[in-house]
2 protein chains.
Amino acid sequence: MNKQSTEIQTARVAVDTVVFSVFDGALHVLLISVNRPPHYKNMNGLPGGLMTMKETSDEAVRRHLSGKIGLFHLYFEQLYTFTAIHRDKRNRVVAIAHLGLVTESEAKGVAREGGRWVPVLEVGQLAYDHNEILNTAVLRLAGKLLYTNIVRHLLPKKFTLTELQKVYEIIRNETFDKRNFRKKILSMNIIKDTHEMQTGVANRPASLFTFTGTKVTEIPLISSI
Amino acid sequence: MNKQSTEIQTARVAVDTVVFSVFDGALHVLLISVNRPPHYKNMNGLPGGLMTMKETSDEAVRRHLSGKIGLFHLYFEQLYTFTAIHRDKRNRVVAIAHLGLVTESEAKGVAREGGRWVPVLEVGQLAYDHNEILNTAVLRLAGKLLYTNIVRHLLPKKFTLTELQKVYEIIRNETFDKRNFRKKILSMNIIKDTHEMQTGVANRPASLFTFTGTKVTEIPLISSI
DNA sequence: GCAAAAGTGTTAGGTATACACCCATGC
DNA sequence: GCATGGGTGTATACCTAACACTTTTGC
């Protein structure tokens with residue numbers, strides 16, 4: 001391995017993905033087992049792997065997540081590229097890290113063996129520099145909630161305003177006033193009422209909302225100068 | 001070249017840098033000559049080059065900019081990593097693109113042969129995917145002006161409020177009311193009055209200001225929900 | 001004294017925040 | 001009928017946006 005890496009004279013390129021999902025009242029991240037002695041024995045790490053000569057980073061992300069892990073429907077975007085020389089103690093590997101999001105139902109469908117969902121607050125030491133990548137992703141996600149409609153990829157097609165608020169509260173780690181939250185979200189024009197109602201709940205049924213548009217876009221909240 | 005690239009089985013890693021400077025009333029970008037027939041003959045392109053096995057991307061950026069170009073003092077940060085398969089028609093090269101900023105006086109010091117400053121609005125077709133990288137950088141810079149103090153790296157140590165406003169107006173491509181701009185900037189606490197005055201101007205001399213702190217940081221402008 | 005840019009306050013409209021009660025459903 | 005979460009309005013404070021004249025210097 002080491003011989004080969006000095007021969008090829010260039011760093012390898014890998015993709016890593018921090019896939020988040022919100023359920024059971026917590027932000028979860030998808031982890032896989034890493035077992036590469038002597039440096040990384042029976043540890044957790046982020047899913048990912050090498051990018052081949054014939055695929056882009058996006059294609060590599062899809063290939064690695066759909067393979068052993070069985071994750072097919074996810075939103076993801078590039079996060080940051082990590083190039084510290086010894087970030088992988090075995091070889092020189094540059095990691096193009098990505099931030100991914102899936103809904104709860106998609107999360108529940110990942111192959112049993114492929115990966116598992118761990119609450120972000122309970123993640124211990126990860127292999128490589130994956131704790132640093134995870135921290136970067138958490139901050140990015142919390143930031144993007146405020147000025148994009150990225151939250152759409154954490155919720156099902158139809159959802160209640162309370163469900164939406166819970167996702168914001170969990171990721172932002174703060175609570176919001178229900179009335180003010182609704183006013184604010186509705187004023188953004190990123191969701192609309194389906195005029196359908198929840199059924200089978202032991203309380204007054206909530207209205208179901210859906211996201212307008214189809215893409216992740218910025219919402220002009222930042223006032224100009 | 002092509003033979004080698006198929007042998008090594010992994011994409012090469014390069015860094016490219018979009019270095020901006022504001023002077024003569026326009027946003028300028030630093031370009032170099034690219035002459036790599038048959039695909040790229042006598043074109044302009046962004047400065048950059050391969051990253052070696054023994055350096056990080058940041059170190060590669062510094063090496064490429066300080067070498068032929070003679071640019072030593074600049075701020076830069078990672079922008080985005082471009083991985084399209086044919087972004088370089090000769091070989092598979094992944095580019096970690098960076099956004100750099102220099103003051104006018106630093107810009108004037110670049111080696112004659114190494115590079116030249118071109119107003120962004122007058123940039124024509126660039127080699128590789130460098131137009132796409134440039135566009136990404138322009139948008140990032142305009143966005144970051146609004147919620148960080150990144151502008152500090154485009155101005156000298158001491159500057160007038162009008163100079164600061166001009167930089168904002170040029171990059172944001174909009175004009176601001178002088179009184180409101182001053183109130184807003186001063187309320188951000190990113191600059192302070194040096195109590196020195198301009199000298200030698202044919203009008204009332206302006207106060208000179210300087211940036212507080214030393215790092216690029218986010219300014220809490222985004223209201224919570 | 002004139003040309004050029006610096007510097008300075010107020011008002012009106014809109015947005016953010018804080019806060020408490022009634023409603024609809026399942027059991 | 002009771003437990004549970006759904007749904008709604010107002011008043012205040014703050015921030016944003018629009019706008020015009022006087023001051024200081026060099027020539």
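Owing to the predicted nature of the structure, the values given are computational and were not obtained by experimental measurement.

Conventions used here
Residues numbered from 1 in each chain as written. Chains lettered and ligands numbered in written order. Predicted model: local features only at pLDDT ≥ 70, side-chain atom pairs only at ≥ 80, totals over all residues. Heavy atoms only, no water. Near = heavy atom within 4 Å. Polar contact = N/O pair within 3.5 Å; in protein donor to acceptor, adjacent residues only side chain to side chain. Helix = DSSP H or I, 4+ residues; strand = E, 2+ residues; numbered from the N terminus. Nonpolar A, V, L, I, M, F, W, Y, C, P; charged D, E, K, R; others polar. Contact = heavy atoms within 4.5 Å. Buried area = accessible area lost by both parts, 1.4 Å probe. Salt bridge = Lys/Arg side-chain N within 4 Å of Asp/Glu carboxyl O. Domains from an automatic or database assignment.

*Asks:* Summarise the protein's contact with DNA strand C; cite the residues concerned and give the values.
*Replies:* The environment of DNA strand C is formed by 21 residues, the closest being Val201(A), Thr162(B), Lys178(B), Asn203(B) and Ser207(B). A distance of 2.7 Å is found between a base nitrogen of DNA strand C and a side-chain nitrogen or oxygen belonging to Lys178(B). Separating a phosphate oxygen of DNA strand C from a side-chain N or O atom of Arg182(B) is a distance of 3.2 Å. Among the elements of the structure, α6 (178-187) of chain A together with α6 (178-187) of chain B are those that each provide at least two residues to the surface near DNA strand C. Partitioned by chemical class, the residues of the surface near DNA strand C number five nonpolar, six polar and ten charged.

*Asks:* Give me the lowdown on the interface of chain A and chain B, citing residues and values where you can.
*Replies:* In this assembly, 36 residues from chain A lie in contact with 36 residues from chain B. With both chains or domains summed, chain A and chain B bury close to 3,200 Å², and 66% of this area falls on carbon and sulfur atoms. On the surface where chain A and chain B come into contact, there are zero salt bridges. Remark: the boundary between chain A and chain B carries nine residue pairs in polar contact (both at pLDDT 80 or more). Going through the elements one at a time, α1 (2-8), β1 (12-23), α2 (57-66), β5 (75-82), β6 (93-101), α4 (130-147) and α6 of chain A are the ones with two or more residues in the side of chain A that touches chain B.

*Asks:* Can you lay out the domain arrangement of chain A for me, pointing to particular residues and giving the numbers?
*Replies:* Residues and elements named next belong to chain A. According to the domain assignment, chain A consists of domain 1 (10-143) and domain 2 (156-209). Taking only C-alpha atoms into account, the centre of domain 1 sits 29 Å from that of domain 2. Domain 1 puts eight residues into the contact, and the matching count from domain 2 is five residues. With both chains or domains summed, domain 1 and domain 2 bury close to 510 Å², and 80% of this area falls on carbon and sulfur atoms. Contact with domain 2 buries area across many residues of domain 1, yet Val-22, Leu-27 and Ala-142 alone supply 65% of it, more than any other trio. Our count for the domain 1 to domain 2 interface comes out at zero salt bridges.

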